[in-house]
Amino acid sequence: MQTTRLGNTDLTVSRICFGTWQLSPRFWGDIPLNEWREAVQTALGLGINFFDTADAYGDGFSEEQLGKVLNETGSRDRVVLATKFFWNLEGPERYPNTRADYLTRACEASLRRLGTDRIDLYQIHAWDALIRPDEVAEAFAKLHKAGKVRWFGVSNWNARQMALGRRHFPLATLQPKYNLLHREVEKEIFPYCQEHNIGTLVYSPLERGLLGGLYTPGQTFADSRGKNPQFQGKRFESLLAGLEQLRPLAAECGLTIAQFTLRWVLTHPGVSCAILGVKAARHLDASPAADGVLPQDVWHRAAEIMQEANQPPSV
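Residues numbered from 1 in each chain as written. Predicted model: local features only at pLDDT ≥ 70, side-chain atom pairs only at ≥ 80, totals over all residues. Heavy atoms only, no water.

## With respect to the overall build of the protein chain
Stated formally: The secondary structure listing takes helices from DSSP runs of H or I that are at least 4 residues long and strands from runs of E that are at least 2 residues long, numbered from the N terminus. Taken over C-alpha atoms, the radius of gyration is set against a globule rule of 2.2 Å times the number of residues to the power 0.38. Classification of residues uses two cut-offs on accessible area relative to the type maximum, computed with a 1.4 Å probe and protein chains only: under 20% is buried, over 50% is exposed, and between them is partly exposed. Methods summary: accessible areas were calculated by the Shrake-Rupley approach with a probe of 1.4 Å, and residue burial reflects only the protein chains presented. Charge counting follows a simple rule: Lys and Arg are positive, Asp and Glu are negative, and His as well as the terminal groups are ignored. One atom stands in for each charge, and that atom is NZ of Lys, CZ of Arg, CG of Asp or CD of Glu.
When you go through the protein chain residue by residue, the secondary structure sums to ten helices and ten strands. A globule of 315 residues ought to have a C-alpha radius of gyration of about 20 Å, and the protein chain, at 19 Å, matches this closely. In terms of overall dimensions, the protein chain has C-alpha extents of about 55 × 40 × 40 Å along its principal axes. For the protein chain, the proportion of its 315 residues judged to be buried stands at 55%. Accessible surface, the protein chain: about 14,000 Å² in total, of which carbon and sulfur atoms supply 49%. Put simply, the protein chain has 35 plus and 35 minus side-chain charges, and the middle of one group is 2 Å from the middle of the other.

## Considering the nonpolar core
Short version of the rule: As used here, the term nonpolar core means buried Ala, Val, Leu, Ile, Met, Phe, Trp, Tyr and Cys residues forming a set that is joined through side-chain atoms within 4.5 Å. Should any heavy atoms of two residues lie within 4.5 Å, those residues are counted as being in contact.
In terms of nonpolar packing, the biggest core is built from 91 residues, with Phe 18, Tyr 122, Ile 124, Met 162, Leu 246 and Met 306 touching the most fellow members. Ignoring anything within four residues of it in the chain, the contact list for Met 306 reads Leu 180, Leu 181, Leu 211, Leu 239, Gly 242, Leu 243 and Leu 246. One finds Leu 11, Cys 17, Leu 201 and Cys 273 within the second-largest nonpolar core, a separate group that totals eleven residues.

## A closer look at the environment of Val 265
Residue placement: Val 265 occurs in helix 9 (residues 257-267). Contact partners of Val 265, with chain neighbours within four places excluded, come to Tyr 178, Asn 179, Val 202, Pro 205, Val 271 and Ala 274.

## Comments concerning the sheet that holds strand 5 (residues 80-85)
Keep this limit in mind: Note on pairing: two strands pair once DSSP finds at least 2 bridges between them. Orientation is described by lines fitted to C-alpha atoms, with helices fitted over the stretch in contact, and by angles between N-to-C directions that extend from 0 to 180 degrees.
Strands sit in the order 3-4-5-6-7-8-9-10 around a closed barrel of eight strands; the barrel is parallel. For this sheet, the mean angle separating the axes of adjacent strands, direction not counted, is 30°. With five bridges connecting them, strand 6 (residues 119-124) and strand 7 (residues 149-155) associate as parallel partners. By the bridge assignment for strand 7, Ile 124 is matched with Val 154. Across the face of the sheet, helix 4 (residues 100-114) comes into contact with strand 5, strand 6 and strand 7 while running at roughly 135° to strand 6.

## Concerning the packing of aromatic side chains
Quick note on the threshold: Any two of the Phe, Tyr and Trp rings considered here, Trp counted by its six-membered ring, make a pair once their centres fall within 6.5 Å; the pair's planes then place it as stacked at under 30 degrees, edge-to-face at over 60, or tilted in between.
The full count for this structure, using the stated rule, is ten aromatic pairs. Geometrically, the ring pair formed by Trp 264 and Trp 299 is stacked, given 4.6 Å between the ring centres and 5° between the ring planes. Of this pair, Trp 264 sits in helix 9 while Trp 299 sits in helix 10 (residues 296-309), placing them 35 residues apart in sequence. Trp 299 shares its class with Trp 264; the two are buried. What links up through ring pairs into an aromatic cluster is the set Tyr 178, Phe 190, Trp 264 and Trp 299.

## Quick look at the side chain of Ser 110
When you line up the elements, Ser 110 lands in helix 4. What Ser 110 contacts, discounting residues up to four positions off in sequence, is Asp 55, Glu 63, Thr 83 and Ile 119.

## Notes on helix 2 (residues 33-46)
Stated formally: One fewer than the residue count of a helix, multiplied by 1.5 Å, yields its expected span. It is the directions from the helix axis to the C-beta atoms that the arc portrays.
If you check helix 2, its first and last C-alpha atoms are 20 Å apart, about what 14 residues at 1.5 Å a residue would give, namely 20 Å. Every buried residue of helix 2 is listed here: Trp 36, Ala 39, Val 40, Ala 43 and Leu 44. All buried residues of helix 2 fall inside an arc of 140° around its axis, so they share one side. In helix 2, the exposed positions that point more than 90 degrees away from the buried face belong to Asn 34, Glu 38 and Gly 45.

## Comments concerning the pattern of salt bridges
The criterion, for reference: For this document, the term salt bridge refers to a Lys or Arg side-chain nitrogen within 4 Å of an Asp or Glu carboxyl oxygen.
Taken as a whole and assessed by the stated rule, the structure comprises 19 salt bridges. Between Lys 148 and Glu 108 there is a salt bridge, with the nearest N and O atoms lying 2.3 Å from each other. Remark: Glu 108 occurs in helix 4 and Lys 148 occurs in the loop between helix 5 (133-145) and strand 7; sequence separation between them is 40 residues. Take Glu 108: its relative accessible area is 25%, and that puts it in the partly exposed class. One network of salt bridges, in which partners are shared, links Asp 10, Arg 76, Asp 120 and Arg 150.

## Concerning the pairing of strand 9 (residues 199-202)
Within a regular beta strand, the side chains point alternately toward one face of the sheet and then the other, so they alternate between its two faces. By the alternation rule, side chains of strand 9 split into Gly 199 and Leu 201 and Thr 200 and Val 202, which are all buried. Summarising the sheet, strand 9 and strand 10 (residues 273-277) pair through two bridges and their orientation is parallel. If you follow Leu 201 over to strand 10, its bridge partner there is Cys 273.

## Digging into the packing of helix 2 against helix 3 (residues 61-72)
Relative placement of two packed helices is described by the angle separating their axes and the distance separating the axes. So the rule is basically this: Here the angle decides the label: under 35 degrees means roughly parallel, over 145 means roughly antiparallel, 65 to 115 means roughly perpendicular, and every other value means oblique. The hand of a helix crossing depends on one turn: near helix anticlockwise from the far one by less than a right angle means left-handed, and clockwise means right-handed. All amino acids are sorted into three groups, where Ala, Val, Leu, Ile, Met, Phe, Trp, Tyr, Cys and Pro are nonpolar, Asp, Glu, Lys and Arg are charged, and the leftover types, Gly among them, are polar.
At a minimum axis separation of 10 Å, helix 2 and helix 3 run at an interaxial angle of 55°. By the angle between their directions, the pair helix 2 and helix 3 is classed as oblique. When the axes of helix 2 and helix 3 are compared, the crossing they make is right-handed. Contact residues: helix 2 offers Leu 33, Trp 36, Arg 37 and Val 40, while helix 3 offers Phe 61, Gln 65, Leu 66, Lys 68, Val 69, Leu 70 and Glu 72. Here the contact of helix 2 with helix 3 is built from residues that sort into seven nonpolar, one polar and three charged.

Listed below in structure tokens is the structure:
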């Protein structure tokens with residue numbers, strides 16, 4: 001498994017990051033925990049040393065389960081552990097809260113659930129319209145001095161928001177969405193991160209499995225994908241047809257569709273690593289994508305095919 005230095009940090013991470021959003025019943029329903037635990041151990045065996053979670057995933061459930069399996073297997077000290085905060089989870093209703101007092105309490109709660117004394121990468125999950133960067137900076141500095149957080153990052157921020165944040169606190173990483181169907185970050189966000197050596201751990205590289213090449217026309221989904229327009233009707237069929245056009249390109253590279261579309265993501269020089277959402281060990285079959293890059297002409301041809309397939313269906 002190839003590794004990379006994450007931005008300007010001292011963290012050396014695998015180019016595949018094990019994502020744990022799938023332990024969020026609100027979006028994915030209940031998944032077999034035994035299969036998921038086996039997947040964690042399989043990932044470790046493959047050389048994946050980077051794990052990303054968040055307090056919002058199952059209201060702490062994901063953190064609890066990840067911490068449990070890493071500690072039971074004695075793996076905590078050989079992995080890079082990332083988590084996130086943003087939503088106030090202390091009351092009956094969620095709302096964004098990045099005030100210093102809540103930030104500190106959220107960090108302490110994550111540490112307890114993860115069963116660890118430090119978080120390697122602590123990220124703000126989204127942009128808070130009421131953020132006070134000076135307060136965030138003060139809280140971050142205290143957590144860092146206490147040894148509870150090593151590095152800080154953000155998720156789903158644009159370039160201007162990152163520029164504001166960097167004037168107040170050290171911002172080491174960004175977690176944006178990026179795949180063959182969602183390329184908006186190529187215009188301003190990736191160039192900004194490259195200019196300032198901000199590490200990027202991109203999420204949804206396979207677009208909730210859609211780019212994995214295993215779905216068929218007419219297939220339905222019982223989880224949150226069932227209400228997503230990309231997984232319905234003519235648009236779904238068009239995207240699947242586009243993937244069929246990618247198969248010869250993938251075959252020429254000796255890759256499956258999932259490996260090909262994941263390698264497409266990892267080929268971009270602005271991408272440090274990709275977060276692969278995992279529910280079972282078989283979802284790690286795409287991980288060999290980390291061991292190479294696509295030829296430039298193939299990368300652009302794949303982008304053209306899927307851009308055309310992703311056009312809104314005509315009425």
